Amino acid sequence: MRTAVELLLWWGVLLLLNTVLISSVTPLEVAVGGGVALLGAVGAVAVRRASGAATGGAARLAQALWAFPWTLLADAGRLALAVLSPRHRRCGFRTVRLAPGAGPAWAAALLSATPGAIAVDAVDGSLTVHALGGEVSALERALTGDAR
């Protein structure tokens, strides 16, 4: 049952994305998009099962979603500075230890959706992140439970 729900969710998201991106919504376009979305959904479920990935707990999710837009804006500014000035091009790897109950999958997705960091590994409640600059973002603080 869980696989069927996951398949249906992937299919719906992919079909919606296809419908938004096509220029004209005709029955033929929807039918072809539905078929391709089904193939994509089957592939997504297969990859998730093969990787053994799980979303994890929802602890800190509300705080992370609140911090996400502010981190997105701040990281966009840091990225602009890094592009315009060579002395602002500090980057490197660091470990982000997630708060207990936080899901590594969604935490990695949120961090990677910002211009300032990309998660490259998740092990035992920690994310290895390649980050732009040495500053800890509001999103990272929300994910770790750091109240600074």
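Rules behind the numbers
- Positions within a chain are numbered from 1, following the residues in the order the chain's sequence is written.
- With pLDDT at 70 or above as the cut-off, local features in this predicted model cover only qualifying residues; side-chain atom pairs require 80 or more to be listed or tallied, and sums for whole chains, interfaces and linings still use all residues.
- The side-chain quantities take in all heavy atoms of the structure and omit both hydrogens and water.
- Working definition: rings of Phe, Tyr and Trp (its six-membered ring) pair if their centres are within 6.5 Å, and the pair is stacked with planes under 30 degrees apart, edge-to-face with planes over 60 apart, and tilted otherwise.
- To qualify as a helix, a DSSP run of H or I must reach at least 4 residues; to qualify as a strand, a run of E must reach at least 2; elements of each kind are numbered from the N terminus.
- In this analysis, axes come from line fits to C-alpha atoms, helices being fitted only over the stretch in contact, and the angle between any two N-to-C directions falls in the range 0 to 180 degrees.
- Put simply, angles under 35 degrees are roughly parallel, angles over 145 are roughly antiparallel, angles from 65 to 115 are roughly perpendicular, and the rest are oblique.
- Here a crossing is called left-handed whenever its near helix is offset anticlockwise from the far helix by less than a right angle, and right-handed whenever the offset is clockwise.
- Each residue is assigned to one class: nonpolar for Ala, Val, Leu, Ile, Met, Phe, Trp, Tyr, Cys and Pro, charged for Asp, Glu, Lys and Arg, and polar for all the others, Gly among them.
- Given a helix with a known number of residues, its expected span is that number minus one, times 1.5 Å.
- To get the bend at a given residue, fit one axis to the seven residues ending there, fit another to the seven starting there, and take the angle between those axes.
- Three labels apply to residues, based on accessible area from a 1.4 Å probe with only protein chains included: buried if under 20% of the type maximum, exposed if over 50%, partly exposed otherwise in between.
- We call two residues contacting when some pair of their heavy atoms lies within 4.5 Å.
- A strand pair is defined by DSSP finding two or more bridges across the two strands.
- Salt-bridge detection follows one rule: a side-chain nitrogen of Lys or Arg within 4 Å of a carboxyl oxygen of Asp or Glu.

Novice: Any chance you could explain the packing of aromatic side chains here in plain terms?
Specialist: Any aromatic ring pair is given by two values, namely how distant the centres are and how the planes are angled relative to each other. A complete count under the given rule lists one aromatic pair for this structure. Seen from their ring centres, Trp66 and Trp70 are 6.1 Å apart, and the 65° between their planes marks the pair as edge-to-face. Of this pair, Trp66 and Trp70 both sit in helix H3 (residues 61-84), four residues apart, roughly one helical turn.

Novice: Mind showing me how you'd approach the packing of helix H1 (residues 2-21) against helix H2 (residues 27-51) here?
Specialist: Any two packed helices are characterised by the angle at which their axes cross and by the distance between the axes. The interhelical angle for the contact between H1 and H2, taken along N-to-C directions, is 135°, at an axis separation of 8 Å. For the element pair H1 / H2, the angle class is oblique. The hand of the H1/H2 crossing is right-handed. In the contact of H1 with H2, the residues fall into twelve nonpolar, five polar and five charged.

Novice: Got a minute to help me understand H3 in this structure?
Specialist: In an α-helix, one full turn covers 3.6 residues, which means residues spaced three or four apart are oriented alike. Taking 1.5 Å per residue, 24 residues should reach 34 Å; H3 reaches 34 Å between its end C-alpha atoms and fits that length. The largest bend in H3 is about 35°, located at Phe68, with the proline Pro69 one to four residues further on. Within H3, the full set of buried residues consists of Ala64, Ala67, Phe68, Thr71, Asp75 and Ala82. Where H3 is buried, its residues contact helix H4 (104-112), strand E2 (117-123), strand E3 (126-132) and helix H5 (138-144).

Novice: Honestly, the sheet that holds strand E1 (residues 91-97) in this entry has me stumped. Any pointers?
Specialist: Note: strands within a sheet are paired through backbone hydrogen bonds, in either parallel or antiparallel orientation. Judged by pairing direction, the sheet is antiparallel, and its three strands sit side by side in the order E1-E3-E2 without closing on themselves. Of all the strands in the sheet, just E1 and E2 have a single pairing partner and so form its edges. Across the sheet, the axes of successive neighbouring strands diverge by a mean angle of 25°, strand direction being ignored. Alignment of E1 against E3, held across seven bridges, turns out to be antiparallel.

Novice: Help me understand the pattern of salt bridges in this model?
Specialist: Two side chains that carry opposite charge are able to pair once their charged atoms sit near each other. This model, assessed by the stated rule, comprises four salt bridges. Between Asp75 and Arg78 there is a salt bridge, with its nearest N and O atoms 2.2 Å apart. Pair noted here: Asp75 and Arg78 are both in helix H3, with a separation of three residues, about one helical turn. Residue Glu140 pairs with Arg94 through a salt bridge whose shortest N-O separation is 2.6 Å. Taken together, the residues span a long stretch of sequence, with Glu140 in helix H5 and Arg94 in strand E1 at a distance of 46 residues. Judged on exposure class, the residue Glu140 and its partner Arg94 are both buried. Here the salt bridges share partners, and the residues they tie into one network are Asp75, Arg78 and Glu135.

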